Amino acid sequence: MSPPRPDRGPDWALWRSFLAVLRSGSLSASARSLGLAHPTLRRHIATLESALGATLFTRSPAGLLPTAVALSLRPAAEAMEAAAARLLRDATAGGAAPAGTIRLTASEVLGAEVLPALLAGLRERHPGLDVELVLSNETLDVLRRDADIAVRMYRPRTEGLVAQRIGTVELGFFAHQSWIARHGEPRDLAALIEAGVLIGPDRETALPRALAAQGFATTREAFVFRSDSDLACLGALRAGLGVGVCQVPLARRMPELRRVLPGLGGSLEVWLVTHPDLRQVPRVRAALAALSAGLRRYLAAGFGPSSQAPTESAPQGPSSRPSCQRHPETENPAAR
């Protein structure tokens, strides 16, 4: 007599359907996104609820609402989704030509303003590559393979990864020319703080702490526009809302922005990070080469060629950070 077969639990296809409904709140929309028939998706949800012995969604005028059970299952289901995506990337990584999916993570401003052009060039050279880009100032776990490559604005501290220092990006204070036309050329940071015309963070404390370290104490009233979104702060700067910090090479692409208070500024380090098991995979190797070359060209627009000497890839180790940069939970959000 054969031993009893262990319960395998619900198939991944059921969990994928669960996540689609959880995100859209609609069976019809979820079925379209997954390429499934409406009855098939409904059957998936019913089968999953039966296997779990729990109701996952309730109907409402706004659509399908997740129950507390469904919400509690979301993190584990999304972890399964990420693992399945990593499995697919690894399975398609063995060919000689760069092909498959590259998953990148980068800070908001760099990811939105700088990387797309570099990735377009990469895609032209290697049309077999697809790109997934996660814009976040939080740290995705490259060691756990949540991303293939991370572009970081600080030297990573996690052991066991491969990190390549690309260079440093210069930071400075800028204002829109329309703001300068209305208010005049600012000459003194203390006067700007007193006037309350800075652009900066809402709850983040890195910029106020960095200014305090240079002898400029601030309160919330010093900032006319407050947001912890880098892109929102950049948008406010472009709109002429006030004076803010911007990457110098990025600001040089925007002739409407003018640097003010040239004696003040700082810098952030730029690093490329990957898992040691991935650095020789063709798709990752091609992406690393393209990003390294493109980011060096970008940084050269700020400091000039002398600061862009090639650096060797090396295992990470602990290091101190310049005072103007932060780990993702403390880094100056207006500076990237």
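Residues numbered from 1 in each chain as written. Predicted model: local features only at pLDDT ≥ 70, side-chain atom pairs only at ≥ 80, totals over all residues. Heavy atoms only, no water.

Overview of the pairing of strand 5 (residues 149–152)
Stage number 1. Where burial is concerned, the two faces of strand 5 agree: the one with Ile149 and Val151 and the one with Ala150 and Arg152 are both buried.
Stage number 2. As paired strands, strand 5 and strand 10 (residues 257–274) are joined by four bridges and run antiparallel to one another. Bridging from a neighbouring strand, Val151 pairs with Leu272 of strand 10. (Buried < 20%, exposed > 50% of the residue type's maximum accessible area, 1.4 Å probe, protein only. Helix = DSSP H or I, 4+ residues; strand = E, 2+ residues; numbered from the N terminus. Pairing = 2+ DSSP bridges.)

Some words on the side chain of Glu170
Stage number 1. Within the secondary structure, Glu170 is located in strand 6 (residues 162–176).
Stage number 2. Side chain to side chain, Glu170 and Arg259 meet in a polar contact 3.0 Å long. (Polar contact = N/O pair within 3.5 Å; in protein donor to acceptor, adjacent residues only side chain to side chain.)

Overview of the pattern of salt bridges
Stage number 1. Per the stated rule, a full pass over the model turns up 10 salt bridges.
Stage number 2. A salt bridge links Glu132 to Arg103, with the shortest nitrogen-to-oxygen separation between them at 3.0 Å. Taken together, the positions of Glu132 in strand 4 (residues 129–135) and Arg103 in strand 3 (residues 100–106) put the pair 29 residues apart, joining distant regions of the chain.
Stage number 3. Here Arg283 and Asp148 are joined by a salt bridge, their closest N and O atoms 3.0 Å apart. Taken together, the residues Arg283 in helix 12 (residues 282–303) and Asp148 in the loop between strand 4 and strand 5 connect sequence positions 135 residues apart.
Stage number 4. With a relative accessible area of 0%, Arg283 lands in the buried category.
Stage number 5. Where salt bridges share partners, they join Arg23, Arg74, Glu78 and Glu81 into one cluster. (Salt bridge = Lys/Arg side-chain N within 4 Å of Asp/Glu carboxyl O.)

Thoughts on the packing of helix 2 (residues 27–34) against helix 3 (residues 38–52)
Stage number 1. At a minimum axis separation of 9 Å, helix 2 and helix 3 run at an interaxial angle of 105°. Compared by their axis directions, helix 2 and helix 3 come out roughly perpendicular. Facing helix 2, whose interface residues are Leu27, Ser28, Ser30, Ala31 and Leu34, helix 3 presents His38, Leu41, Arg42 and Ile45.
Stage number 2. Residue composition of the contact of helix 2 with helix 3, grouped by class: five nonpolar, three polar and one charged. (Axes fitted to C-alpha atoms, helices over the stretch in contact; angles between N-to-C directions. Parallel < 35°, antiparallel > 145°, perpendicular 65-115°, else oblique. Contact = heavy atoms within 4.5 Å. Nonpolar A, V, L, I, M, F, W, Y, C, P; charged D, E, K, R; others polar.)

Quick word on the confidence of the model for the protein
Stage number 1. Confidence in the prediction for the protein averages 82 pLDDT; 82% of positions are at 70 or higher.
Stage number 2. The low-confidence segment residues 1–6 (pLDDT under 50) makes zero contacts with residues lying over four places distant or belonging to another chain.
Stage number 3. Scored below 50 in pLDDT, residues 304–336 shows 98 contacts in the model against residues more than four places distant or in partner chains. (pLDDT = per-residue confidence, 0-100.)

What to know about unusual backbone geometry
Stage number 1. One non-glycine residue, Leu261, lies in positive phi territory at about 50°.
Stage number 2. Among the structural elements, Leu261 can be located in strand 10.
Stage number 3. On the basis of relative accessibility, which here comes to 7%, the residue Leu261 falls in the buried class.

Comments concerning helix 9 (residues 206–213)
Stage number 1. Every buried residue of helix 9 is listed here: Ala206, Leu207 and Leu211. Taken around the axis of helix 9, the buried residues stretch over an arc of 130°, which confines them to a single face.
Stage number 2. Just beyond helix 9, the residue with positive phi is Gly215, at close to 95°. (Arc of directions from axis to C-beta.)

Examining helix 6 (residues 115–125)
Stage number 1. For helix 6, the set of buried residues is Leu115, Leu118, Leu119 and Leu122. For helix 6, the arc enclosing every buried residue in end-on projection is 95°, short of the 170-degree limit, so these residues lie on one face. Turned more than 90 degrees off the buried face of helix 6, the exposed positions are Ala117 and Glu124.

Topic: the side chain of His44
Stage number 1. Position of His44 relative to the elements: it lies in helix 3.
Stage number 2. For His44, a relative accessible area of 15% puts it in the buried group.

Digging into the nonpolar core
Stage number 1. Counting 62 residues, the largest nonpolar core has Phe173, Leu189 and Leu295 as the members making the most contacts within it.
Stage number 2. Among the elements that take part in this core, helix 12 stands out by supplying nine residues, more than any other.
Stage number 3. Aside from chain neighbours lying at most four places away, what touches Phe173 is Leu189, Leu211, Val243, Gly244, Val245, Arg258, Arg259, Val260, Leu261 and Leu264.
Stage number 4. Counting residues in each nonpolar core, the second largest holds 16 residues, with Leu22, Leu56, Phe57 and Ala70 among its members. (Core = buried A, V, L, I, M, F, W, Y, C linked by side-chain atoms within 4.5 Å.)

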